[in-house]
Amino acid sequence: MGRHLIIAGAPYLKVALPERIRLTTFQDPGGFSFYASQGASFLPIVGTNEFGEQQEVLSARTVPGRNVRPSLGGQGWTQLDPDPLVALRSVVHAVVLHHDGCFSSSACYRVLVARCLSTHLMIDRDGHVYQAADLADRTYHAGPLNNVAVGIDLNNRAHNLLSEPHAELDGGVPSGIRTINGGSFRSWNYTDAQYESLIAVLRVIVDAFGIEPVFPMDEQGSILYSVVDSPPPEQFKGFLCHWHITPQKWDPGPGLDWETILAGLRSNAAMVPLLPAGLAQELESTDLPGVRVTAADLADARRGPSLVDDLLRRESTAVPLLDAICRTIERRQSGGFYPVGVNQTWHGGIHLEAPAGTPVRPLLKGELVAAHLAPADAHPGVGSNNFVLLRHRIPLPPRAAPGAGAPCRFLEDRDDPAGPEGTARAPDGILTVYSLYMHLDGVDFDRASDNALVNRFLAPADPSPALEPPRGPGLEVYPGADQGAALRAGYVGLFSPLDAPGAAIEVGTSEILGHVGGLRDADGEMRPLVHVEVFADDSYLEVMEMALYGRFLRIGPRDPDARDLVVRSASVLSPMLPSLGRKRRVRPPDFGDKVLTAERIRDYYQGDADPEDLDLLRSLVVEHVSEWSDQVQWVRTLLADQAWWKRQGSRLLAPERMGWVFARELADGLKFVWLTDEVCDWIGLKRGGLVHTFHPLRFLAWWMFLRSAVRAKSLDQILRCVKGQPVSLLEGVSEVLGDRLDLGGPGQWEP
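Conventions and cut-offs
- Residues numbered from 1 in each chain as written.
- Predicted model: local features only at pLDDT ≥ 70, side-chain atom pairs only at ≥ 80, totals over all residues.
- Heavy atoms only, no water.
- Helix = DSSP H or I, 4+ residues; strand = E, 2+ residues; numbered from the N terminus.
- Buried < 20%, exposed > 50% of the residue type's maximum accessible area, 1.4 Å probe, protein only.
- Contact = heavy atoms within 4.5 Å.
- Areas by Shrake-Rupley, 256 points an atom, 1.4 Å probe, with all protein chains shown as cover.
- Pairing = 2+ DSSP bridges.
- Polar contact = N/O pair within 3.5 Å; in protein donor to acceptor, adjacent residues only side chain to side chain.
- Salt bridge = Lys/Arg side-chain N within 4 Å of Asp/Glu carboxyl O.
- Axes fitted to C-alpha atoms, helices over the stretch in contact; angles between N-to-C directions.
- Parallel < 35°, antiparallel > 145°, perpendicular 65-115°, else oblique.
- Left-handed = near helix turned anticlockwise from the far one by under 90°.
- Nonpolar A, V, L, I, M, F, W, Y, C, P; charged D, E, K, R; others polar.
- Core = buried A, V, L, I, M, F, W, Y, C linked by side-chain atoms within 4.5 Å.
- Phe/Tyr/Trp six-rings, centres within 6.5 Å; stacked < 30°, edge-to-face > 60°.
- Expected span 1.5 Å × (residues − 1).
- pLDDT = per-residue confidence, 0-100.

Participant: An account of the overall build of the protein is requested, with residue identities and associated values reported.
Facilitator: Of the regular secondary structure elements, the protein holds 21 helices and 33 strands. Taking all 751 residues of the protein together, the buried fraction comes to 57%. For the protein, restricting intrachain contacts to residue pairs at least 6 apart in sequence, the fraction spanning at least 24 positions comes to 73%. Taken as a whole, the protein presents about 30,700 Å² of accessible surface, with 50% of it coming from carbon and sulfur.

Here it is as C-alpha cells:
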C-alpha cells in the first residue's frame, strides 16, 4: 500500500495522502480491480447485465473531436500532450459522489461487477480507500457524466430510516430528515474517518485535474437537493451528488455533510488582506459562538492569518467575521468607505487601516499583472502610490436557459448518450476580475525581505545599464521587454501576458504582496492604510448570473459619464439625506451636483445609517470611471468642491482653463494615475477606464459560498420528465421513487 493515487498509469506524486490513511490500489496485492489482466495491456472485466448481454465494466475515456483514443490502464494520454494531465484536464471536470448501499466496499465491488458497473474509488467506513480503476479511465457510475467525471462510492447501507426505522448499523448515527428530488429521506451519517479520507482524496483530484472544489448551490448558499437544470449536470465543473444527475437517485443521501467537505478544502483558499485596527472591539460575542477571538490573537503576525484562515472555512464564522470588518471600516475610520467616498465621489474599494509595516496578502490566488513599487522617498507628498494588481480567472457554471438542462428521461448509470465520440467538454464560463492593493509601503530592491514580489525582482548582482527614470508627471509604463528592470527603475511593471499562460506569475494567498504604507488626510496627517479594490469590465455580466447572488451581490447604479467621479445617483445618496430618506414614496431624480458634506457622509457611515441600507450599499456592483484612470477630469472634480466656483466662477472661466489654480493638486493626483488604454490592453480590461467595482469583502464571501449557484428542476418538471406529459404530484410521485437498484428505502413524498 502506498500514499499516491494512480493517474494515467503512474502514481500522482505531487500530492500524497496522509500516512494515517490506508490506500489500496488495483496494483496492490489484495486490491479490487475492474481490469481482467494487467501487464503490457489492460483488459476490462466482462460481465453479464440484467438482460443477459455481455458488457465491459469500464472503458477508455474518449476525447471529443480527436481521433486519438487512449487505452485502458490510463495509457495513451501522452499522444494528446506530453503531459498526460494536461490532456486529461481537457476532458475530466467533475467528481460524482455515491453511497454504495452495501455492507462494505468489498461487497460494493462485487455488486458493481455483477451489474456491469464500476467506480474509481471506494471508501469504507473505517476510512480505508480502495482505488479499483485508473482515474484516467472511464468507469460506469453516473450516466452522461461517465466520460467527464471521477466516481467515488462511500460505504453506507443507505437505508431510508423513515420507512425502515429498525434498520441497524453498529456505531451508526442517524442523519436529519432531508427532502431530495421531492422525497423525504433519513439515513446513516458518514464517519469521521470517511470524511478525512474523502477530503484527502479530493485534494489530490482537485490538484491533478484542476477541478473546482464546489457543489451546486441554491440561492441561499446551501447544497442543491434536486436535479441540476441550468447548466445541465454534464456541464457542471466541480463535485456532484448522484441526485444532481438523476431524479430517481438520492445518494449519497442526507447523511452527507457537504459543509465539512468544503471546509476541509478551503484551507488557504482565500484571505483577508489584513485585519483593520479596532476589529476586536467590533466583534460581538454573538458573532462567533463557541469561538474565542482576542485582540492579541488578531494582532499576532503569525497567529492572525492562521486564525482568519480557520474562520473563513465555514460560512457560519466567515460571514460574521467579514461583516465585523465592514463595521470596523465604517465606524472606526474617517474615510475609505464603499461605494461613496467622503468627497461624494465614487470610491471603488475600502481602506484597511493598520499599523505601518503590517503585511498585506491577496484576497485570492491570482496572476501578477501590474505593479508600481518604489522607495518611500519617491512617493508624492500625499502618500504612497505603490500598488500591486492581480488578475483572477474564476471558472463559473456555464449559463443556460432554465428548463434546458437535465434530459427529460431516466438516466441509467450505464448511459453514455453522447455516443462513441464521448461527451463534449463543458463550455468555459470564466469570470475575469482584478484585485488592487494601493498605498503599499516603500520597498528596497537591494535587500531581500518577506515581500514575495520584492524578492522576485531583486536587483541583479551584475546589473545591466540602468534605465532612465520616468520623467513624466504621472506613472509611466516602460515599453521594453525587461519589466522587472522597469519596475526597479520606478516604472509601472507589466507581467503575465494574456496570450502566454506559461509566463504567468502566480501569487498565492500565503504570500506577502507588500506592507501597509499610508495616505495623508485632509489635516495633513499620514494615516497608515491600504486601499483594496475588486473590479471588472462589463463582461462580468456575461458569466455571472446575478439573479442568483442577491445574498451577497446585486447590480447597482451605472454612472459611465461621471468623468469628475461625483456620485449623483439618487438611489445611493437619498438614504444619506434625512429629508430624502427611506420613507419618501417617490424616488427623486439623480442629483445634478454635490449635495453632501464630508461630515455628513462620515456621520452616515458611522452611526446614522439604517443597517439594511448599509448592507445594500456593500452588495452593490457599481459602474463608474476608475479613480486610477487617465479619463478622470480632475479639474472638474476639484472644482466641484469649491462653493465660489458654483456661485460665480463658472460664469467667468471654462473648467478646462482652471488647471493653473490646482497645479499642485493635479501634480499629486497624476502620480496615482496608472489605468491607461495601454495598461488595459495588457491586462485584458476593456479600454476607456470604465470599471464595475465590487465591495472586496462581499466579493470574497460570494466567491467562497455562492459562486456555484445554479438552477434546479422543480418537482413538477421531474414528474413531467418521468411520465412524458404533465401529471399531478399525487399521480406521479410513485414513479420517481420506483427505482430501488441502489438498495435505498421507498421514501416519503412531500407535495
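Participant: Hey, could you go over the pairing of strand S13 (residues 149-154) for me, with residue numbers and the actual values?
Facilitator: Burial runs high along S13: 6 of the 6 residues are buried. Going residue by residue along S13, you find Ala149, Gly151 and Asp153 tucked away on one face and Val150, Ile152 and Leu154 tucked away on the opposite face as well. As defined by bridge partners, strand S9 (residues 94-99) adjoins S13 across 6 bridges and the pair is classed as parallel. By the bridge assignment for S13, Val95 is matched with Val150. Bridge count for strand S10 (residues 121-123) against S13 is 3 bridges, and the pairing is parallel. Residue Ile123 lies in a different strand from S13, and its bridge partner there is Leu154.

Participant: Can you break down the side chain of Thr317 residue by residue, with the values?
Facilitator: Along the chain, Thr317 turns up in helix H8 (residues 315-332). In this structure Thr317 comes out as buried when scored by relative accessible area, which is 13%. In terms of polar contacts, Thr317 uses its side chain to reach the backbone carbonyl oxygen of Leu311, at 2.6 Å. Apart from residues lying up to four places away in sequence, Thr317 is in contact with Leu288, Val291, Asp310 and Leu311.

Participant: Help me get a handle on the pattern of salt bridges, residues and values and all.
Facilitator: Summed over the entire model, instances satisfying the criterion amount to 27 salt bridges. Here Glu353 ties to Arg527 by a salt bridge, and the two come within 3.1 Å at their closest N and O atoms. Of this pair, Glu353 sits in strand S18 (residues 349-353) while Arg527 sits in strand S27 (residues 526-527); the two residues are 174 residues apart in sequence, bridging distant segments of the chain. Through salt bridges with shared partners, a single ionic network connects Glu282, Asp287, Arg327, Arg331 and Arg332.

Participant: Explain the packing of helix H3 (residues 192-209) against helix H4 (residues 258-265) to me, and be specific about the residues and the numbers.
Facilitator: Two elements in contact, H3 and H4, have axes whose closest approach is 10 Å; the angle formed by their N-to-C orientations is 50 degrees. Between H3 and H4, the interaxial angle falls into the category oblique. Of the two possible hands of crossing, H3 and H4 adopt the one that is right-handed. Facing H3, whose interface residues are Tyr195, Leu198, Ile199, Leu202 and Arg203, H4 presents Thr260, Ile261, Gly264 and Leu265. The class makeup of the residues in the contact of H3 with H4 is 6 nonpolar, 2 polar and 1 charged.

Participant: Please give an account of the nonpolar core that cites residues and values.
Facilitator: Ile325, Leu368, Leu431, Met544, Tyr549 and Trp702 are the most contacted members of the largest nonpolar core, which totals 95 residues. Apart from residues no more than four positions distant in its own chain, Trp702 is found in contact with Leu396, Leu431, Met544, Tyr549, Phe552, Leu553 and Arg707.

Participant: Break down the environment of Arg266 for me, citing the residues and quoting the values.
Facilitator: Structurally, Arg266 can be placed in the loop between H4 and helix H5 (279-282). Among the residues examined, Arg266 registers a relative accessible area of 12% and is labelled buried. Separated by 438 residues in the primary sequence, Arg266 and Met704 place their C-alpha atoms 8.3 Å from one another.

Participant: Give me the lowdown on the sheet that holds strand S3 (residues 23-25), citing residues and values where you can.
Facilitator: Two pairing modes exist for strands in a sheet, parallel and antiparallel, and in both the strands are linked by backbone hydrogen bonds. Read across the sheet, 6 strands follow the order S3-S11-S10-S13-S9-S17 without closing on themselves; strand pairing throughout is mixed. A single partner strand is all that each edge strand has here, and the edge strands are S3 and strand S17 (238-241). Ignoring strand direction, the axes of neighbouring strands in this sheet form an average angle of 20 degrees. Strand direction decides the pairing type here: S9 and S17, joined by 4 bridges, are parallel. Within S17, the position partnered with Ala94 by the bridge is Gly238. Contacts from H3 reach S9, S10, strand S11 (129-131), S13 and S17 within the one sheet, and its direction differs from that of S13 by about 175 degrees.

Participant: Requested: an account of the environment of Ala374, with residues and values cited.
Facilitator: Structurally, Ala374 is set in the loop between strand S20 (366-372) and strand S21 (386-395). Considered as a pair, Ala374 and Asp444 are 70 residues apart in the sequence and their alpha carbons are 7.7 Å apart. Residues within four places of Ala374 in sequence aside, it is in contact with His379, Asn386, Gly442 and Val443.

Participant: Describe in detail the pairing of strand S30 (residues 620-625), supporting the description with residues and values.
Facilitator: Where burial is concerned, most of S30 is hidden: 6 out of the 6 residues are buried. Pairing of strand S29 (residues 554-559) with S30, which is carried by 4 bridges, proceeds in the parallel orientation. Note on S30: the bridge partner recorded for Asp559 is His624. Here 4 bridges tie S30 to strand S31 (residues 690-694), and the two strands are oriented antiparallel to one another. Its bridge partner being in S31, Val625 is matched across the sheet by Leu690.

Participant: Lay out helix H14 (residues 611-619) with the relevant residues and their values.
Facilitator: Those residues of H14 that sit buried are Asp613, Leu614, Leu617, Arg618 and Ser619. Against H8, S29, helix H12 (570-573), helix H13 (598-608), S30 and helix H19 (696-705) lie the buried residues of H14. Looking at where H14 begins, the residue whose side-chain oxygen comes 2.8 Å from the main-chain nitrogen of Glu612 is Asp610.

Participant: Break down the packing of aromatic side chains for me, citing the residues and quoting the values.
Facilitator: With the rule as written, the count across this model stands at 20 aromatic pairs. For the ring pair Phe215 and Phe239, a centre distance of 5.6 Å and an interplane angle of 70 degrees mean the geometry is edge-to-face. You can see Phe215 sitting in the loop between H3 and strand S16 (228-230) and its partner Phe239 sitting in strand S17, a full 24 residues away along the chain. Relative to Trp702, the ring of Phe699 has its centre 5.3 Å away and its plane inclined at 45 degrees; by these criteria the two rings are tilted. Of the two residues, Phe699 and Trp702 both sit in helix H19, 3 residues apart, roughly one turn of that helix. Across the pair, exposure class does not vary: Phe699 and Trp702 are buried alike. Here the aromatic residues Tyr540, Tyr549, Phe694, Phe699 and Trp702 are joined through ring pairs into a cluster of three or more.

Participant: How would you sum up H3? Please name residues and give values.
Facilitator: Note that an α-helix has 3.6 residues per turn; residues three or four places apart therefore point the same way. The end-to-end C-alpha distance of H3, which contains 18 residues, comes to 26 Å, matching closely the 26 Å that a straight helix rising 1.5 Å per residue would cover. With 13 of 18 residues buried, H3 is to be regarded as a mostly interior element. Two residues or fewer after H3 comes Gly210, characterised by a positive phi angle close to 70 degrees.

Participant: Outline the confidence of the model for the protein, listing residues and values.
Facilitator: Per-chain confidence: the protein averages 86 in pLDDT, with 85% of residues scoring 70 or above. Low pLDDT, under 50, characterises residues 642-653; the stretch is placed with 13 contacts to residues that sit more than four places away or in other chains. Of the regions scoring below 50 in pLDDT, residues 732-751 engages in 61 contacts with residues more than four places distant in sequence or in other chains.

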